[in-house]
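Spelled out from the first residue to the last, the chains are:
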Amino acid sequence: MKYKVILWDLDGTLTDFLTAEKSAIRKCFEIIGLGECTDEMLARYSAINVRYWQLLERGEMTKAQILVERFREFFALEGLDVDKAYAFNEEYQLRLGDTIVFCDDSYGIVEDLKGKVLQCLVTNGTRVSQENKLKNSGFDRLFDYLFISDIVGYEKPAVEFFDAVFAKIGDYSKEDVLIIGDSLTSDIKGGNNAGIDTCWYNPRGEYNDKNVQVTYEIRDLHEIYDIMSASESTCVHD
């Protein structure tokens, strides 16, 4: 195969994060006693959440800050009690792993590639939420290594995150490694920082406006088979 190591992102790549997010927030509204959470409220929260994670990726806020502040801003916008933001986030981390929806039969793909290439999970989620997702999805039994930013001590796209990956996986060159993810600012930029090839999972056909280098662009995860079987001289740019 062209690559010997695949670094898989989790949220938005292997699993449908938005579906899990909606389910978790609605459940937390019920548990915390905040009333109904409408689709319109969920859309407003999702936009806030994306913005805060981008602040984290740029090193402008810490993870501890963004986890609570995103809900404080959301609650203030919706006229809810901002003092409940901390408790809400604590519950939310537990509930995020309750709903698992696989993207493009991702479980079957990772399972099929097991033993053929070294497969690692690389994720910026919290340890609590990601370990729950991995257990409930069964991915914890498939990956050779798990790299969760809370444990690594750095977030993608920081080069230090990927330094930790290379230190763990052993004697592989950067040419052996491919990262697959949906986020241009986290996964693809992280791959650029690490000096490895990148595969942008872009099922909605979004425009690359982030000034990052994409080696491959795919709409469906099954396309990874074509990339893995391509000759060493083949390079695909979409």
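Parameters and conventions
- Residues numbered from 1 in each chain as written.
- Predicted model: local features only at pLDDT ≥ 70, side-chain atom pairs only at ≥ 80, totals over all residues.
- Heavy atoms only, no water.
- Core = buried A, V, L, I, M, F, W, Y, C linked by side-chain atoms within 4.5 Å.
- Buried < 20%, exposed > 50% of the residue type's maximum accessible area, 1.4 Å probe, protein only.
- Helix = DSSP H or I, 4+ residues; strand = E, 2+ residues; numbered from the N terminus.
- Contact = heavy atoms within 4.5 Å.
- Pairing = 2+ DSSP bridges.
- Axes fitted to C-alpha atoms, helices over the stretch in contact; angles between N-to-C directions.
- Salt bridge = Lys/Arg side-chain N within 4 Å of Asp/Glu carboxyl O.

Draft legend 1. Region of interest: the nonpolar core. Within the largest apolar cluster, 27 residues are counted, with the highest numbers of intra-cluster contacts made by Trp8, Leu14, Phe139, Leu178, Ile180, Leu221 and Ile227. Counting residues per element, this core draws most heavily on helix α5 (residues 106-113), at 4 residues. Not counting residues within four places of it along the chain, the set of residues in contact with Trp8 comprises Thr13, Leu14, Ile109, Val110, Leu113, Gln119, Cys120, Leu121, Val122, Phe143, Ile180 and Leu221.

Draft legend 2. Up close: the sheet that holds strand β4 (residues 177-181). Overall, parallel pairing links the 6 strands, which are arranged β3-β2-β1-β4-β5-β6 in an open sheet. A strand with exactly one partner marks an edge of an open sheet, and here the two such strands are β3 (145-148) and β6 (216-218). Mean inter-strand twist for the sheet, computed between neighbouring axes without regard to direction, equals 20°. Direction of pairing for strand β2 (residues 118-123) relative to β3: parallel, over a ladder of 4 bridges. In the sheet register, Cys120 faces β3, and the bridge partner there is Tyr145. Sheet strands in contact with α5 are β1 (5-8) and β2, and its direction is about 155° off that of β1. Contacts from helix α9 (residues 184-194) reach β4 and β5 (197-201) within the one sheet, and its direction differs from that of β5 by about 165°.

Draft legend 3. Local environment of the pattern of salt bridges. Applying the stated rule across the entire model yields 19 salt bridges. One salt bridge in this structure joins Arg44 and Glu78, with 2.7 Å as the shortest N-O distance. You can see Arg44 sitting in helix α2 (residues 39-57) and its partner Glu78 sitting in helix α3 (residues 63-78), a full 34 residues away along the chain. You can call Arg44 partly exposed: its relative accessible area is 36%. Between Lys210 and Asp209 there is a salt bridge; the shortest N-O distance is 4.0 Å. Each of Asp9, Lys156 and Asp187 takes part in one network of salt bridges that share partners.

So, to be careful, I would describe these as geometric facts and stop short of saying anything about function.
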